[in-house]
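Structural description and commentary
The lines below spell out each chain.
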Amino acid sequence: MRTKSLTTGLMAAFFAATGAVSALAQDAGELLGAPHPKGVDFQEPATELARDLQWLDGMLNWVIGAIVLFVVLLIAVVIVRFNRRTNPTPSTFTHNTPIEVAWTIVPILVLVVIGAYSLPVLFKQQEIPEGDIYIKVTGYQWYWGYEYVDEGFGFDSYMIGQPATGGNYTRTPEIEQALVDAGYTADQFLLATDTQVVVPIGKTIVMGVTGADVIHSWTIPAFGVKQDAVPGRVAELWFKAEKTGTFFGQCSELCGKDHAYMPITVKVVSEADYAIWLASAKEEYAALDTGPQTIKLASAD
């Protein structure tokens, strides 16, 4: 990222103050990727990666269920046929070669089948394609920094309601109003951020993820992506969003006392809307990067 003096608070103010950019970011489409009260299933997948992961999870559940059922039936047979009443004189043999071969080979075959389906899904995640857009993500205690590397600008993203946005981690009427003003609902407290990652639909997004202090983890469940942000190392993830809308994630690695207060917001928009947002963002960033306000903030920092 660029120096903290250029990003901490500065870009948050710029995005909040830029009406067109803010409206575009918040009007990206319906809310698709968010946790729901009493929810027990996955979020609706918005990428091929997420669909693959959810299909693999379902397939593995069938395999697990079949194994559990088989073991339960075996136990039931043992209880019924080989209890003391029905089988007062137990057998004294110690080996049964066919059974021993079967319980060695069958689990191996099960693992081979699982591997045949799971490894391609894993490789698809880890083999990073050529990206249309590259974004560097840096985890801080306790917020996220983003840099659109090819475009030459970056910004920080804070949870609405933490001290950097005028809150104290509690849901107050003032914070609820701030959420509404930013285009969210009051119930999205702890999920909504003051700035958002904005990406176009149908484009391959590659993210280089790192940490500035401790290990964090950048994740968007609806995209099927999760990558630890390790200081001193840049790891990559990728996704291609198939739906426009708002998608939430949260830091998924215990990173300190405010770990629960560094959410992630991604807006997926059309290519035309992304072009408008990008032009406005670059223009405003250029003005802040060279103007007296930047110099003042840099010296104050």
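In what follows, the structure referred to is the one given above.
Let me sum up the structure you'll find in this document.

Quick look at the packing of helix 4 (residues 48-81) against helix 5 (residues 97-126) now. Each packed pair of helices is defined by two parameters, the angle between the axes and the distance between the axes. Closest axis-to-axis distance for the helix 4/helix 5 pair is 10 Å, and the angle between their directions is 165 degrees. With respect to helix 5, the axis of helix 4 lies roughly antiparallel. In terms of crossing hand, the pair formed by helix 4 and helix 5 is left-handed. Facing Glu-48, Leu-49, Asp-52, Leu-53, Trp-55, Leu-56, Met-59, Leu-60, Val-63 and Ile-67 of helix 4, the residues of helix 5 in contact are Val-110, Ile-114, Tyr-117, Ser-118, Val-121, Lys-124 and Gln-125. Residue composition of the contact of helix 4 with helix 5, grouped by class: 12 nonpolar, two polar and three charged.

Let's shift gears to the pattern of salt bridges. For the structure on display, the rule yields nine salt bridges. As a salt-bridge pair, Glu-242 and Arg-51 come within 2.4 Å of each other at their nearest N and O atoms. Of the two residues, Glu-242 sits in the loop between strand 9 (235-240) and strand 10 (245-250) while Arg-51 sits in helix 4, which places them 191 residues apart along the sequence. For Arg-171, the salt bridge identified is with Asp-187, shortest N-O distance 3.1 Å. Taken together, the residues span a long stretch of sequence, with Arg-171 in the loop between strand 4 (153-157) and helix 6 (173-181) and Asp-187 in the loop between helix 6 and strand 5 (197-200) at a distance of 16 residues. The class of Asp-187 is exposed, set by a relative accessible area of 63%. Sharing partners across several salt bridges, the network here consists of Glu-48, Asp-52 and Lys-124.

Time to look at the environment of Lys-267. Among the structural elements, Lys-267 can be located in strand 11 (residues 263-269). C-alpha separation for the pair Lys-267 and Phe-247, spaced 20 residues apart in sequence, amounts to 6.4 Å.

Once that is clear, we can look at the nonpolar core. In terms of nonpolar packing, the biggest core is built from 42 residues, with Ile-135, Tyr-148, Met-207, Trp-218 and Phe-223 touching the most fellow members. Ranked by residue count, the leading element in this core is helix 7 (residues 271-290), at five residues. Each residue touching Met-207, except ones within four places of it in the same chain, is listed here: Ile-135, Val-137, Val-197, Trp-218, Ala-235, Glu-236, Leu-237 and Phe-239. By size, the runner-up hydrophobic cluster in this structure holds 11 residues, among which are Ile-160, Leu-179, Phe-189 and Leu-191.

Another aspect to go through is the environment of Ser-270. You can see Ser-270 is positioned in the loop between strand 11 and helix 7. Setting aside residues no more than four positions away along its own chain, Ser-270 makes contact with Pro-200, Ile-201 and Thr-244. At a separation of 3.2 Å, a polar atom in the side chain of Ser-270 contacts the main-chain amide nitrogen of Asp-273.

What follows is about a nonpolar patch on the surface. Together, Ile-67, Phe-70, Val-71, Leu-74, Ile-75, Ile-79 and Val-80 line one region of the surface with nonpolar side chains, adding up to about 660 Å² of accessible area. Topologically, Ile-79 is positioned in helix 4.

Within the open sheet, the five strands sit side by side as 4-3-2-6-9. Their pairing is mixed. Either end of the sheet is taken by a strand with one partner, and the two such strands are strand 4 and strand 9. Adjacent strand axes in the sheet meet at a mean angle of 25 degrees when their direction is disregarded. As defined by bridge partners, strand 2 (residues 133-140) adjoins strand 3 (residues 143-148) across six bridges and the pair is classed as antiparallel. Residue Ile-135 lies in a different strand from strand 3, and its bridge partner there is Tyr-148.

Once that is clear, we can look at the side chain of Thr-195. Along the chain, Thr-195 turns up in the loop between helix 6 and strand 5. Of the polar contacts made by the side chain of Thr-195, one reaches the backbone oxygen of Asp-156; its length is 2.7 Å.

On to the packing of aromatic side chains. One pass over the full model with this rule turns up 14 aromatic pairs. A centroid spacing of 4.6 Å and a plane angle of 25 degrees characterise the contact between Tyr-143 and Tyr-158, whose relative ring orientation is stacked. Placement of the pair is Tyr-143 in strand 3 and Tyr-158 in the loop between strand 4 and helix 6, with a sequence separation of 15 residues. For the pair Tyr-143 and Tyr-158, one class covers both residues: buried. Taking 6.2 Å as the distance between ring centres and 50 degrees as the angle between the ring planes, the aromatic pair formed by Phe-153 and Tyr-285 counts as tilted. Of this pair, Phe-153 sits in strand 4 while Tyr-285 sits in helix 7, and the two are 132 residues apart along the sequence. The pair formed by Phe-153 and Tyr-285 is uniform in burial state, with each residue classed as buried. Site record: aromatic cluster; members linked through ring pairs are Tyr-146, Tyr-148, Phe-153, Phe-155, Tyr-274, Trp-277 and Tyr-285.

Quick notes on the rules
- Residues numbered from 1 in each chain as written.
- Predicted model: local features only at pLDDT ≥ 70, side-chain atom pairs only at ≥ 80, totals over all residues.
- Heavy atoms only, no water.
- Axes fitted to C-alpha atoms, helices over the stretch in contact; angles between N-to-C directions.
- Helix = DSSP H or I, 4+ residues; strand = E, 2+ residues; numbered from the N terminus.
- Parallel < 35°, antiparallel > 145°, perpendicular 65-115°, else oblique.
- Left-handed = near helix turned anticlockwise from the far one by under 90°.
- Contact = heavy atoms within 4.5 Å.
- Nonpolar A, V, L, I, M, F, W, Y, C, P; charged D, E, K, R; others polar.
- Salt bridge = Lys/Arg side-chain N within 4 Å of Asp/Glu carboxyl O.
- Buried < 20%, exposed > 50% of the residue type's maximum accessible area, 1.4 Å probe, protein only.
- Core = buried A, V, L, I, M, F, W, Y, C linked by side-chain atoms within 4.5 Å.
- Polar contact = N/O pair within 3.5 Å; in protein donor to acceptor, adjacent residues only side chain to side chain.
- Patch = residues over 30% accessible without salt bridge, like charges linked within 9 Å, V, L, I, M, F, W, Y side chains within 5 Å.
- Areas by Shrake-Rupley, 256 points an atom, 1.4 Å probe, with all protein chains shown as cover.
- Pairing = 2+ DSSP bridges.
- Phe/Tyr/Trp six-rings, centres within 6.5 Å; stacked < 30°, edge-to-face > 60°.

Worth remembering: the numbers are spatial, not functional.
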